[in-house]
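# A closer look at the structure
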Amino acid sequence: MPESAFLVIATERVGLLVGEEAVDGGTANDPFGAGQDLKTLLGKILRIDVDHRDPGLAYAIPKDNPFAGRNDGSRGEIWAYGLRNVWRLAFDRVTGDLFAGDVRQNRYEEVDLIVRGGNYGWKIREGFHPFDPTAPQTGDVLIDPLVEYFRHEGMSVTGGRVYRGQRLPEFYGAYFYGDYVTGNVWILRLDENKQVIENRKVARTGLNISSFGEDAEGELYFTAFDGYVYRFRKRSGNLSAIAAAFPRKLSETGLFADAADLVPSEGLLPYDVNVPLWSDGAMKQRFLALPRGQSVTFSEKGQWQFPEGTVLVKTFFLPASAMAAGQSPRTVSAAELANPRQWRRLETRLLVRTPEGWQGYTYVWNDAQTDAELLDGAKTAEVLAVTPTGREKFSWYFPSRSDCMACHTPAAGFVLGLNTRHFNRPVVPGFSFSLNANNENAPSSKGTEREKLATHSESGASLNQIALWRAMGIFTEQPQGDPESWEAYLDWFTVSPATAEQRQELVRAYLDANCAMCHVPDGIVNRPDFRYHTPLERAQLIGVNPGQGQVGPQGSKIVRPGSPEASELWHRLRLRGPRQMPPLASNRADERAVSLVEQWIRDLQKTWQPPAVSPSRRR
């Protein structure tokens, strides 16, 4: 880049953003071919002179820009092209090299070294790989990215900075970059020929990294959408050795006394939820493991808090027999789930609270159904499910560790399902339990609820999960009141909503359980707000234009009262593909949810009362 006072900017679909993002102007697949079209500013990095003006412009076009002065309609402002969605670009203060993180579409994220007139391949390529090789290409040479990473490591690159400080001398000259969704951070180094000689992960922050910055001394900082500014520090220990020591087989974790027969180890607490996360119709079995002597911080309406060392265990099953396919999830016993002739095990996921934060792990069950192997990345496999009418073959996605954290977000408190609304329900039948699990916190007086619950410990019939855990001393401070006084979702599997009020309650619970981990203030997507307690008139949901592209017909709203056909929410729930909901690890639509949301949207034609507009707003 020539030395000058010229401003390098990146294009956005509705204007210009300084150093922010360069997008191709379409909802997906670059429908206008903007990335390779030199007649549009979309999908480009621009260079302009803000100290002077050309006729008809608020700026001047530098004469040495690569496409300046051409008579074929090419825009002279363009410095580089073939980009999709640049999120953060920055110069190295020592070399002048310009680095950019480019958010690609389907499978790969990339970091580019931006040069004069460079074509970075979108939409012909994504990373080093073909995306649409038949798309028109401008110019002869496509410039390779410096590095790429697959979506199992992250989903939205955040370009960073070259470190030129003194606090971390071993990282001097390394370019730091991260991922907005997973919070992973990497470094890369270049040799004198601008070739990559090092690229490795150096941190897992668990934060939604939005930007990197540096101070006058070259020290590095980053921000997340939580209101804080962070910096890096060295930590002791061999991270590679720690990772290698993690159990490779589920049977080696100590979570099961007998993995082949799904017998949990002593101390694991079975639980269930009122409204489960949709997982392509899979049945799930859940356990919680707490460190000895540790407890859970209860909140009646907020997020529960869990100590370091907590492990959540969830196994996924598909029906393997006609009998299993016809069962309601609430009637399936632990013994039936343990029978692979009735229920086939797909995977067991762990969510572990480590000293560095929550981490997700996936174990894939072998064909013999005797053990499960730790998955290092992500994978897709064809699976067969028995249905009430026959058999169905479909693709099942086994998530990577980074995929897990795409849903278990900081905005959602990382842990999904373990809150009062989900947990206020009967205990899982078929398990015995000890009322001495955490007896430091357990009530001890005679004649208490604890003694009464002990008489039912074998069957678990009619016991409430929160009341049981209170009696066992699981909570740091005992919940006050009784189950009837605590809030609870309706049971997704047993309630047949007969009124508009019940349908709305179930829909709000479903959206809270399946969508609010991202659609929440300070979340990955903050509009609409799908949290259960957000009043509908403040949720930016009804009558609001979609902000993340459009799947429905022209003019559709996120929800249009009385018209599911003109409601983006309904379309995204029922369709599989780009912009589907949920966006990750789902290849089958939740037909019950689609039907219920459709009924709810039709109900809104009669029940929805738009908020009054104040006179000041009318003006």
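## Quick word on helix α8 (residues 500-515)
An ideal rise of 1.5 Å per residue puts 22 Å on 16 residues; α8 measures up with 21 Å between its terminal C-alpha atoms. Taken residue by residue, α8 has Arg503, Leu506, Val507, Arg508, Ala509, Tyr510, Leu511, Asp512, Ala513, Asn514 and Cys515 as its buried positions.

## Quick word on the side chain of Ser279
Along the chain, the position of Ser279 falls in the loop between β20 (269-271) and β21 (283-289). Since its relative accessible area comes to 8%, Ser279 is described here as buried. Here the side chain of Ser279 touches Lys284 through a polar contact of 2.7 Å, side chain to side chain. With near-sequence residues (within four places) excluded, Ser279 lies in contact with Lys284, Phe316 and Trp396.

## Here's the deal with unusual backbone geometry
If a residue is not glycine, its phi is most likely negative; likewise, a peptide bond is most likely trans. Cis rather than trans, the peptide bond between Trp122 and Lys123 has omega equal to 10°. With respect to the helices and strands, the residue Lys123 is situated in the loop between β7 (108-114) and β8 (125-126). Phi angles above zero are rare outside glycine, and Lys194 is one such case at about 65°. Its place among the elements puts Lys194 in the loop between β13 (184-190) and β14 (196-204).

## Topic: the environment of Ala68
The residue Ala68 is located in the loop between β3 (45-48) and β4 (78-80) in this model. On the basis of relative accessibility, which here comes to 23%, the residue Ala68 falls in the partly exposed class. Taking C-alpha positions, Ala68 is 9.5 Å from Trp79, a pair spaced 11 residues apart along the chain. Leave out the neighbours within four places in its chain, and Ala68 touches Ile61, Pro62, Lys63 and Gly76.

## Focus on the nonpolar core
Counting 33 residues, the largest nonpolar core has Leu541, Val559, Leu569 and Trp600 as the members making the most contacts within it. Among the elements of the structure, α8, α9 (568-574) and α10 (591-607) are those that each provide at least two residues to this core. In this structure Val559 touches Leu541, Ile542, Gly543, Ser567, Leu569, Trp600, Ile601 and Leu604, once residues within four positions along its chain are discounted. Listed in part, the 27 residues of the second largest apolar core include Tyr271, Leu288, Leu312 and Ile474.

## So, the environment of Gln36
The residue Gln36 is located in the loop between β2 (15-17) and β3 in this model. Taking the C-alpha atoms as reference, Gln36 lies 7.9 Å from Asn119; in sequence the two are 83 residues apart. Excluding residues that lie within four positions of it along the chain, Gln36 makes contacts with Tyr81, Gly82, Asn119, Gly121, Trp122, Ile124, Pro136, Gln137 and Thr138. Within the structure, Gln36 has its side chain in polar contact with the side chain of Asn119 (distance 2.9 Å).

## What about the packing of α8 against α10?
Between α8 and α10, the least distance of the axes is 9 Å, while the angle of their chain directions is 125°. The orientation of α8 relative to α10 falls into the category oblique. Where α8 crosses over α10, the handedness of that crossing is left-handed. Two secondary-structure elements touch here, α8 through Ala500, Arg503, Gln504, Leu506, Val507 and Tyr510 and α10 through Arg592, Ala593, Leu596, Val597, Gln599, Trp600, Asp603, Leu604 and Thr607. Class assignment for the residues of the contact of α8 with α10 results in 9 nonpolar, 3 polar and 3 charged.

## Some words on the packing of aromatic side chains
Following the criterion strictly, the structure yields 30 aromatic pairs and no others. Taking the centre distance of 6.0 Å and the plane angle of 20° together, the rings of Tyr175 and Tyr177 count as stacked. Tyr177 matches Tyr175 in its accessibility class, with the two residues each being buried. Relative to Tyr230, the ring of Tyr228 lies with its centre 6.3 Å away and its plane at 55°, an arrangement referred to as tilted.

## Considerations on the confidence of the model for the chain
It should be kept in mind that the predicted coordinates are not to be read in detail where pLDDT is low. Here the chain shows a mean pLDDT of 88. Residues at 70 or above account for 89%. Contacts for the low-pLDDT stretch residues 12-21, under 50 throughout, to residues beyond four places or in other chains number 30 contacts. Counting interchain partners and residues more than four positions distant, the pLDDT-below-50 stretch residues 615-619 has 1 contact.

## Digging into the environment of Asp215
On the secondary structure map, Asp215 appears in the loop between β15 (209-214) and β16 (220-224). Residue Asp215 is classed as partly exposed on the basis of its relative accessible area, which comes to 22%. A distance of 2.9 Å separates the side chain of Asp215 from the backbone nitrogen of Glu217, its partner in a polar contact. A polar atom in the side chain of Asp215 sits 2.9 Å from the side chain of Tyr221.

How each quantity is defined
- Just so you know, the residues in each chain are numbered from 1, in the order the chain's sequence is written.
- This being a predicted model, a pLDDT of at least 70 is required before a residue's local features are given, and a value of 80 or more before pairs of side-chain atoms are given or counted; all residues contribute to the totals for chains, interfaces and linings.
- Based on all heavy atoms of the structure, the side-chain values leave hydrogens and waters out of the count.
- By definition, any uninterrupted DSSP run of H or I lasting at least four residues is a helix, any uninterrupted run of E lasting at least two residues is a strand, and each is numbered from the N terminus.
- A helix is expected to span 1.5 Å for every residue after the first.
- Remark: exposure states derive from per-residue accessible area (1.4 Å probe, protein chains only) relative to the maximum for the residue type, with buried under 20%, exposed over 50%, and partly exposed in between.
- N or O atoms closer than or at 3.5 Å make up a polar contact, with two conditions inside protein: a donor-capable atom paired with an acceptor-capable one, and, for residues adjacent in sequence, both atoms drawn from side chains.
- Any two residues whose heavy atoms approach within 4.5 Å at even a single point are treated as in contact.
- For our purposes a nonpolar core is just a set of buried Ala, Val, Leu, Ile, Met, Phe, Trp, Tyr and Cys residues, chained together by side-chain atoms within 4.5 Å.
- Think of each axis as a best-fit line through the C-alpha atoms, taken over the contacting stretch in the case of a helix, with angles from 0 to 180 degrees between the N-to-C directions.
- Angle categories: roughly parallel below 35 degrees, roughly antiparallel above 145, roughly perpendicular from 65 to 115, and oblique for all the rest.
- Each crossing gets its hand from how the near helix is turned against the far one by less than a right angle, where anticlockwise is left-handed and clockwise is right-handed.
- Basically, the charged four are Asp, Glu, Lys and Arg, the nonpolar ten are Ala, Val, Leu, Ile, Met, Phe, Trp, Tyr, Cys and Pro, and anything else, Gly included, counts as polar.
- In summary, the pairing rule links any two rings of Phe, Tyr or Trp, Trp by its six-membered ring, whose centres are within 6.5 Å, and it sorts them by plane angle into stacked for under 30 degrees, edge-to-face for over 60 and tilted for everything else.
- On a range of 0 to 100, pLDDT expresses the predictor's confidence in each residue.

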